[in-house]
Amino acid sequence: EVELNGTVSSPLYWAIREGKLNIAQFMLRDILAIRADRECYYYGREELFSAHPDLVKVICQDGSELTTDLLDGLMWHSQTVLDGRLRVNYYIKDLYSDPDEIPDAWKTPLAIFCLEGKPEMFMHPVLNKLLSVKWLRFGRNLFCAVQAFFVLLIALFTTGFLVYGCSCSTEMVSVRIATGSLSALCFLFLTVIILRQASLGQVGYVQILPYVHVPVARLLLNPWNLIRYVCMITTSVSAFDEPCWFGEASGRTPACTTGQFATGEPVAVETTWDMVVLAASALLLWVQLLQVLSVSQSLGTLSFAIGRLFQQLGRNLAIVFVLIVAFACALNALQDAEYMELDNAIVDLIRLTLGIEGSETVAVQNWSLIFVVCFTVLVQLGMFSILIAQLVKGYDELYADQEGNSRMIRAFQCVEVESFLSISRRKRYYEECGFDNPIEFDNGDEGPTGGIQVLEPASIRGGLHYVPDRIMRCTGTPSALDPWPATVLLEEEEL
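Within any chain, residue numbers begin from 1 and follow the written order of that chain's sequence. With the structure being a predicted model, the display of local features is reserved for residues of pLDDT at least 70 and the display and counting of side-chain atom pairs for 80 or more, all residues being used for whole-chain, interface and lining totals. Note that water and hydrogens are dropped before the side-chain values are worked out from all heavy atoms of the structure.

Q: Quick rundown of the overall build of the protein chain? Include the residues and the values.
A: Think of it this way: any DSSP run of H or I at least four residues long counts as a helix, any run of E at least two long counts as a strand, and we number them from the N terminus. When its secondary structure is counted, the protein chain shows 19 helices and 12 strands. Residue burial is assigned from relative accessible area. The probe radius is 1.4 Å, only protein chains are included, and a residue is buried under 20% of its type maximum, exposed over 50%, and partly exposed in between. With 495 residues in all, the protein chain has 41% of them scored as buried. Pairs at least 24 apart in sequence give 68% of the contacts found in the protein chain among residues at least 6 apart. In these tables, accessible area is a Shrake-Rupley quantity obtained with a 1.4 Å probe, and a residue counts as shielded only by the protein chains included in the view. For the protein chain, the accessible surface area stands at approximately 27,200 Å², while carbon and sulfur atoms represent 61% of it. Whether two residues touch is decided by their heavy atoms; if any such pair falls within 4.5 Å, the residues are in contact.

Q: Let's hear about the packing of helix α7 (residues 109–116) against helix α17 (residues 402–420): which residues, and what values?
A: How two helices pack is summed up by the angle between their axes together with the distance between the axes. Where helices are involved, their axes are fitted lines through C-alpha atoms of the stretch in contact, as for all axes, and angles between N-to-C directions lie from 0 to 180°. Put simply, α7 and α17 touch, their axes get as near as 9 Å, and they point 130 degrees apart. Taken as axis vectors, α7 and α17 run oblique relative to one another. Here α7 runs over α17; the crossing is left-handed. Mapping the contact onto sequence places L110, A111, F113, C114 and L115 in α7 and M408, A411, F412, C414 and V415 in α17. Roughly parallel means an angle under 35 degrees; roughly antiparallel means over 145; roughly perpendicular covers 65 to 115; every other angle is labelled oblique. Here a crossing is called left-handed whenever its near helix is offset anticlockwise from the far helix by less than a right angle, and right-handed whenever the offset is clockwise.

Q: Please set out a nonpolar patch on the surface residue by residue, giving values where relevant.
A: Patches were defined on residues exceeding 30% relative accessible area and lacking a salt bridge, with like-charge contacts within 9 Å and nonpolar side-chain contacts (Val, Leu, Ile, Met, Phe, Trp, Tyr) within 5 Å. Any carboxyl oxygen of Asp or Glu within 4 Å of a side-chain nitrogen of Lys or Arg constitutes a salt bridge here. Together, V206, I208, V212, V214 and L221 make up a nonpolar patch on the protein surface, roughly 360 Å² of accessible area in all. Of all elements in the fold, only β7 (203–209) and β8 (212–217) reach the threshold of two or more residues within the nonpolar patch. Its location among the elements puts I208 in strand β7.

Q: Please provide a residue-by-residue account of the sheet that holds strand β12 (residues 472–473), values included.
A: Remark on secondary structure: sheet strands pair via backbone hydrogen bonds, oriented parallel or antiparallel. The rule for pairing is simple: two strands pair if DSSP sees at least two bridges between them. Strand order in the open sheet formed by 3 strands is β4-β3-β12, with mixed pairing between adjacent strands. The sheet is open, and its two edges are formed by β4 (41–43) and β12, each paired on a single side. Pairing between strand β3 (residues 34–36) and β4: 3 bridges, direction antiparallel. Bridging from a neighbouring strand, A36 pairs with Y41 of β4.

Q: Talk me through the sheet that holds strand β11 (residues 452–457); I want residue IDs and the actual numbers.
A: Judged by pairing direction, the sheet is antiparallel, and its 3 strands sit side by side in the order β5-β6-β11 without closing on themselves. In the strand order of this sheet, the two ends are held by β5 (75–77) and β11, each with one partner. Averaged over all pairs of adjacent strands, the angle between strand axes in this sheet comes to 25 degrees, irrespective of strand direction. In this sheet, strand β6 (residues 85–90) lies alongside β5 in antiparallel orientation, the contact comprising 3 bridges. Directly across from M75, in β6, lies its bridge partner Y90. Strand contacts of helix α8 (residues 125–163): β5, β6 and β11, with the helix running at about 110 degrees to β11, the strand carrying the most contacts.

Q: Can you lay out the environment of R218 for me, pointing to particular residues and giving the numbers?
A: Turning to its location among the elements, R218 is positioned in helix α10 (residues 218–221). Take R218: its relative accessible area is 15%, and that puts it in the buried class. Counting along the chain gives 13 residues from R218 to Y205, while the straight-line C-alpha distance between them is 9.0 Å. If near-sequence neighbours (up to four positions away) are discounted, R218 is found in contact with D104, W106, Q197, Q202, V203 and G204.

Q: If you had to explain the pairing of β6 to someone new, which residues and values would you point to?
A: Most of β6 sits inside the fold, with 5 of its 6 residues counted as buried. The sheet contact formed by β6 and β11 spans 6 bridges and is antiparallel. Bridge pairing in β11 links R87 to L455.

Q: Which residues make up the nonpolar core, and what values do they have?
A: Throughout, nonpolar core names a set of buried Ala, Val, Leu, Ile, Met, Phe, Trp, Tyr and Cys residues whose side chains join them through atoms within 4.5 Å. Among the nonpolar cores identified, the biggest contains 64 residues, and L70, L95, Y96 and F113 are the most heavily contacted of them. What L95 contacts, discounting residues up to four positions off in sequence, is F49, V56, L71, L74, P109, L110, F113, V126 and L130. Counting 19 residues, the second-largest nonpolar core is a separate cluster that includes C186, L190, I193 and L285.

Q: Can you break down the packing of aromatic side chains residue by residue, with the values?
A: Here a pair means two rings of Phe, Tyr or Trp (six-membered ring of Trp) with centres within 6.5 Å. Their orientation is stacked below 30 degrees between planes, edge-to-face above 60, and tilted elsewhere. Across all of its chains, the model carries 11 aromatic pairs by this definition. Judged by centre distance (4.7 Å) and plane angle (65 degrees), the ring pair of W76 and F441 falls under edge-to-face. Here F441 lies in strand β9 (residues 440–442) and W76 lies in strand β5, a separation of 365 residues in the sequence. Residue classification places W76 among the buried positions, given a relative accessible area of 2%.

Q: How would you summarise α7 if you had to cite specific residues and measurements?
A: Buried residues dominate α7, accounting for 6 of its 8 residues. Within α7 the residues assigned to the buried category are P109, L110, A111, I112, F113 and C114. On its buried face, α7 sits against α4 (55–62), α5 (67–72), α6 (93–96), α8 and α17.

Q: Residue-level account of the state of the cysteines, with values.
A: Note on terminology: a disulfide is the covalent bond linking the sulfur atoms of two cysteines. Disulfides are defined as pairs of cysteine sulfur atoms found within 2.5 Å of each other. One pass over the structure, following the stated rule, counts 0 disulfides. No disulfide involves C60; its nearest neighbouring cysteine sulfur is the one of C114, lying 9.9 Å away. Overall, C60 belongs to the buried group, its relative accessible area being 9%. C114 supplies the cysteine sulfur nearest to C414, a cysteine that is in no disulfide, at a spacing of 8.5 Å. Relative accessible area serves as the criterion here: at 1%, C414 is assigned to the buried category.

Q: Please give an account of the environment of Q197 that cites residues and values.
A: With respect to the element layout, Q197 can be found in helix α9 (residues 170–199). Taking the relative accessible area as the measure of exposure, Q197 reaches 4% and is therefore buried. Sequence separation between Q197 and A217 is 20 residues; the distance between their C-alpha atoms is 5.9 Å. Every residue in contact with Q197, bar those within four places of it in the chain, is listed here: Q202, V203, A217, R218 and L219.

Q: Account for unusual backbone geometry, with residues named and values stated.
A: Notably, D83 is not glycine yet its phi reads approximately 55 degrees, a positive angle. Within the secondary structure, D83 sits in the loop between β5 and β6. Overall, the relative accessible area of 82% leaves D83 in the exposed class.

Structure (structure tokens):
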């Protein structure tokens, strides 16, 4: 530690925050170098993270260029190949994080890499191995279990409300009740999690206006969870607003006229609010099923691209809607016969935007026609062209690092699943990794603790991060009073 203007800080943090990244890089590489003498191995990983518990956050925010140096220092490769494989030690104990030390899963290093990092960071072997360990240990099974629940819910909903929506048989009513009960339980479960996160301060901030940010529970920051939460509300309302309970005398039937009780044939009826809620439930239930694509890393990129598409569409359609209302108000002010009512003007412009047949604009007044032409040019030629350009640019950026984005999505899912687990269960998974056991560099040659050993294919020797046996071995009689031998002579000494 050093004291600067009355503030105690780490030299490493000082160098990072002052922009002296070359100095910070030198310190990181020196601390994370593995040295050895005749007595033992010396490795500064544990001291580095104990003195800098928020090191990952500082690097992601203030010195992302140092991410590779940090992660390279947490890996060791053997230079000996046996049966086409070689030993690789991944010292990921501090990146995995002890649940007793960091009980909030959204404050673990993996979560920080998700929230503050970049997709290309997840291409590093160390971060990929950390993600693989968590995904295979608990993330994949729990994620698939959640998806299986919603697949079951979709099957019940489709059967009870859509395929046999006109049936008031005991079996179909029971299916609808089961669908509503499961939806209500899921809604209550999500509500408890939201309230718990809010009470613990586990929130994020969503900007709704310039300089105006609204706190939102972390669960709802995931668009898929928001869709599910709304969907559980609409599905519960649809299920417990069961027309068959009221009988034919009430005039309420499940999307059919009262004649269906006698004939069993569905007949088109006037759209009511409960039909709109039912339609919203059907749409949201099936849309959220797209998250299943994330089980596969290759399909996970497609899921991410779909989410990015909805974000771009949402922004542009909001602007288009404002323009529609603005031009509708202008046309209404002109008191043209076609636009005497404001709501009719809005609907007519929406039809014009979508290319649906609407009012005959050739009969309108000259000024109204000018406004309609300006609206058509601005929206259809202007806003939609901008939207297409944004989508093309966004897809190019996404395609350039699609694997990194796919891994980052999976990391988000792992962190979210981990946040639902109890501390005791997370602790059990942590202890199963055996981070306190020494890792061998060779048979009988035990090195530092804090990691796992994996036999990787010999083809990784052509990788960017492969450094064969980076241990600095020093011969001679060891002594705590002797400094480590210098590896580079200064130019002044050479002179």
